[in-house]
Amino acid sequence: MSGFKAGFLWGGAVAAHQLEGGWKEGGKGISVADVMTAGAHGVPREITDGVLPGKNYPNHEAIDFYHRYKDDLKLFAEMGYKCFRTSIAWTRIFPNGDELTPNEAGLQFYDDMFDECRKLGIEPVITLSHFEMPYHLVTEYGGWRNRKLIEFFVRFAKVVFTRYQHKVKYWMTFNEINNQANFHEDFAPFTNSGLKYQPGEDREPVMYQAAHYELVASALAVKAAREINPSLQVGCMIAMCPIYPLTCAPNDMMMAMNAMHRRYWFTDVHVRGKYPQHLLNYFERRGFELDITDEDRQALTQGCVDYIGFSYYMSFATKATPDNPQLDYDETTSLVSNPYVQKSDWGWQIDPVGLRYSLNWFYDHYQLPLFIVENGFGAIDVLEKDGTVNDQYRIDYLAAHIAEMKKAVVEDGVDLMGYTPWGCIDLVSAGTGEMKKRYGFIYVDKDNEGNGTLARSRKKSFAWYQQVIATNGSEL
Ligand code: P53
């Protein structure tokens with residue numbers, strides 16, 4: 001007995017902009033991912049004003065899943081996937097985002113892809129907005145700082161719920177909606193919300209306003225899904241990096257608690273349909289006057305999510321400092337290194353126990369079914385002459401995390417729906433735009449500069465994960 005329930009959704013996860021390519025095919029519009037260049041560890045991706053000549057935009061071709069999805073899905077089926085998490089590129093359906101009628105070629109692409117999944121016995125799990133909103137909504141409307149985006153998003157959501165209701169049961173609204181808690185850097189505000197800041201602008205209230213409109217849009221989408229087809233299940237998607245106190249000093253503990261408040265209040269609104277009081281008090285203390293109407297408040301209560309999807313890669317740590325008497329959390333400056341865990345080559349703290357802790361944290365707070373929709377190890381792989389990759393480090397990382405996930409289910413009684421490791425086929429890194437930060441069970445022949453045949457090959461972890469699924473997690 002492994003402890004995972006029958007029908008446990010083993011699978012893999014990706015996002016449209018990171019693997020599809022075909023950035024202009026089938027009438028697709030330009031997304032925010034299409035104007036981001038390749039960076040590296042410590043070198044941020046450049047966000048350009050539109051698509052400029054001579055720049056390297058890795059998402060334009062990505063790994064060409066757009067043309068190769070049939071073969072890729074076959075490899076997923078060979079591993080035994082029960083589900084496949086991807087996103088619908090909003091720009092394939094509404095190229096600019098503000099059209100009244102959808103683009104049929106884009107709709108047909110996903111119809112065909114979902115049919116292929118179902119033929120192989122794979123359940124699609126779909127994110128509506130995964131770092132790929134239409135760029136036009138940034139230039140014309142200022143991104144999610146504009147209330148009009150609620151209407152555009154809800155229109156998109158209704159079109160795809162209606163079209164795919166008999167092919168897709170599991171949905172999520174906004175990928176890692178809480179990444180933008182890190183508002184001092186440019187990446188998350190842009191990828192989450194299409195926000196570009198003016199020099200000197202007070203970023204924090206803009207982030208809260210954008211997040212509010214997204215939360216209202218999410219709630220309206222959940223409500224619409226229920227009206228269209230009550231069997232649809234719609235979840236939220238949270239980037240979970242639990243924040244530990246560096247020491248047991250009481251103020252370090254309070255600092256960690258405040259940090260968790262500031263990074264995870266998004267879940268409260270998604271699940272409970274209202275803002276936590278600590279955040280309303282914070283808005284008051286900081287003098288943030290946000291556009292939150294009674295109608296919004298009502299919408300939030302009517303669109304509470306069915307489950308919590310979350311990503312887990314790492315844990316964080318923080319500590320109190322004398323220059324911060326209110327113990328306010330600022331993700332750019334408040335994090336410290338945890339001396340008890342190792343780090344990946346990209347500085348991500350490796351902490352399998354943190355996954356068990358996170359599962360318990362979510363379940364204690366919200367008592368909703370949980371779905372681990374991302375987890376994985378970005379690493380540099382070496383392709384051997386025989387075409388294999390000996391990625392034992394990836395197997396070790398995933399096995400350690402699955403072992404902790406099992407304890408959360410068997411010993412702690414957490415209700416877990418499934419597990420979809422991130423980047424199940426090598427793809428473009430979101431954070432750095434690199435190809436060499438690889439997560440896959442399947443190697444893709446392409447480098448950071450865009451050279452390579454795009455040929456696929458099975459890594460050592462491929463057969464390992466196949467066995468994990470075949471034994472429902474008994475053999476790690
Ligand atoms: P990359 C930051 C922290 C945790 C998860 O990330 C994050 C990020 C953003 O980089 O993103 C998620 O590719 C995201 C995926 C992304 C994956 O984690 O930077 O949902 O789109 O690819 C891994 O190594």
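Residues numbered from 1 in each chain as written. Predicted model: local features only at pLDDT ≥ 70, side-chain atom pairs only at ≥ 80, totals over all residues. Heavy atoms only, no water.

Caption draft 1: Quick peek at the site of the ligand. Gln 18, Glu 374, Ala 430, Lys 437 and Tyr 439 are the nearest of the 16 residues found near the ligand. In the model, an oxygen atom of the ligand is placed 2.8 Å from a nitrogen or oxygen of the Gln 18 side chain. Ala 430 is positioned such that a nitrogen or oxygen atom in its backbone is 2.7 Å from an oxygen atom of the ligand. Of the residues belonging to the shell around the ligand, the class tally is 8 nonpolar, 5 polar and 3 charged. (Near = heavy atom within 4 Å. Polar contact = N/O pair within 3.5 Å; in protein donor to acceptor, adjacent residues only side chain to side chain. Nonpolar A, V, L, I, M, F, W, Y, C, P; charged D, E, K, R; others polar.)

Caption draft 2: Structural detail: unusual backbone geometry. Unusually for a residue other than glycine, Ala 62 sits at a positive phi of about 45 degrees. For Ala 62, the position within the fold is in the loop between helix H1 (16-19) and helix H2 (65-79). Residue classification places Ala 62 among the buried residues on the basis of a relative accessible area of 0%. You will see that Leu 327, though not glycine, has its phi angle at about 55 degrees, which is positive. Within the fold, Leu 327 resides in the loop between strand E8 (316-318) and strand E9 (335-336). Residue Leu 327 is classed as buried on the basis of its relative accessible area of 11%. (Helix = DSSP H or I, 4+ residues; strand = E, 2+ residues; numbered from the N terminus. Buried < 20%, exposed > 50% of the residue type's maximum accessible area, 1.4 Å probe, protein only.)

Caption draft 3: Spatial organisation of the environment of Arg 272. Turning to its location among the elements, Arg 272 is positioned in helix H9 (residues 250-272). Arg 272 sits in the partly exposed class, given a relative accessible area of 41%. Linking Arg 272 and Phe 156, residues 116 residues apart in sequence, is a C-alpha distance of 24 Å. Beyond its immediate chain neighbours, meaning those up to four positions away, Arg 272 contacts Thr 267, Cys 304, His 365 and Tyr 366. (Contact = heavy atoms within 4.5 Å.)

Caption draft 4: Layout of the sheet that holds strand E5 (residues 233-240). With respect to topology, 8 strands assemble into a closed barrel ordered E1-E2-E3-E4-E5-E7-E12-E13, the strand pairing being parallel. This sheet shows a mean twist of 30 degrees between the axes of neighbouring strands, independent of strand direction. Pairing geometry for E5 and strand E7 (residues 307-312), over 6 bridges, is parallel. Opposite Ile 238, over in E7, you have Phe 310 as the bridge partner. The strands touched by H9 are strand E4 (170-174), E5 and E7; relative to E5, the strand with the most contacts, the crossing angle is about 180 degrees. (Pairing = 2+ DSSP bridges. Axes fitted to C-alpha atoms, helices over the stretch in contact; angles between N-to-C directions.)

Caption draft 5: Seen up close, the sheet that holds strand E6 (residues 243-245). With respect to topology, 3 strands assemble into an open sheet ordered E6-E8-E9, the strand pairing being mixed. Taken across any chain shown, the strands that pair with only one partner, and hence form the sheet edges, are E6 and E9. Bridge count between E6 and E8: 3 bridges; the pairing is parallel. Bridge pairing in E8 links Tyr 244 to Ala 317. The sheet contacts of H9 involve E6 and E8, and relative to E6 the element is tilted by about 170 degrees.

Caption draft 6: Expanded view of the pattern of salt bridges. Applying the stated criterion across every chain, the model contains 38 salt bridges. The shortest N-O distance in the salt bridge between Lys 223 and Glu 227 comes to 3.9 Å. Of this pair, Lys 223 and Glu 227 both sit in helix H8 (residues 203-228), 4 residues apart, which is roughly one turn of that helix. The class for Glu 227 is exposed, based on a relative accessible area of 59%. One salt bridge connects Asp 268 with Arg 272, and the closest N-O pair in it is separated by 3.6 Å. Placement of the pair is Asp 268 and Arg 272 together in helix H9, with a separation of 4 residues, close to one helical turn. (Salt bridge = Lys/Arg side-chain N within 4 Å of Asp/Glu carboxyl O.)

Caption draft 7: Main features of the nonpolar core. With 145 residues, the main nonpolar core has Trp 144, Trp 171 and Met 405 as its most contacted residues. Here this core takes 13 residues from H8, the largest share from any one element. Once residues within four sequence positions are removed from consideration, Met 405 is found in contact with Phe 4, Phe 8, Trp 10, Leu 355, Leu 359, Ile 372, Leu 416 and Tyr 419. Grouped together as the second largest cluster of nonpolar side chains are 10 residues, Val 125, Tyr 170, Met 172 and Val 373 included. (Core = buried A, V, L, I, M, F, W, Y, C linked by side-chain atoms within 4.5 Å.)

Caption draft 8: Structural view of the pairing of E5. Counting buried residues in E5 gives 7 out of 8 residues, a clear majority hidden from the surface. Sheet analysis places E4 next to E5, joined by 3 bridges and oriented parallel. Bridged to Tyr 170 within E5 is Gln 233.

Caption draft 9: Focus on the UniProt feature "active site" (unreviewed entry) in the chain. Annotation from UniProt places "active site" (unreviewed entry) at Glu 374. Structurally, Glu 374 can be placed in strand E12 (residues 370-374). (UniProt positions renumbered as here; feature names shortened; annotations may be inferred.)

Caption draft 10: Looking closely at the packing of H2 against helix H14 (residues 460-470). Where H2 contacts H14, the two axes come as close as 8 Å, and the packing angle between them is 55 degrees. Between H2 and H14, the angle falls in the class oblique. Listed contacts from H14 to Leu 75, Glu 78 and Met 79 of H2 are Phe 462, Tyr 465, Gln 466 and Ile 469. Residue composition of the contact of H2 with H14, by class: 5 nonpolar, 1 polar and 1 charged. (Parallel < 35°, antiparallel > 145°, perpendicular 65-115°, else oblique.)

Caption draft 11: Region of the structure containing the pairing of strand E13 (residues 416-419). The pairing of strand E1 (residues 9-13) with E13 spans 2 bridges and is parallel. Note on E13: the bridge partner recorded for Trp 10 is Tyr 419. Looking at chain direction, E12 and E13 are connected through 3 bridges and run parallel. Looking at the pairing, Leu 370 lines up with Leu 416 of E13.

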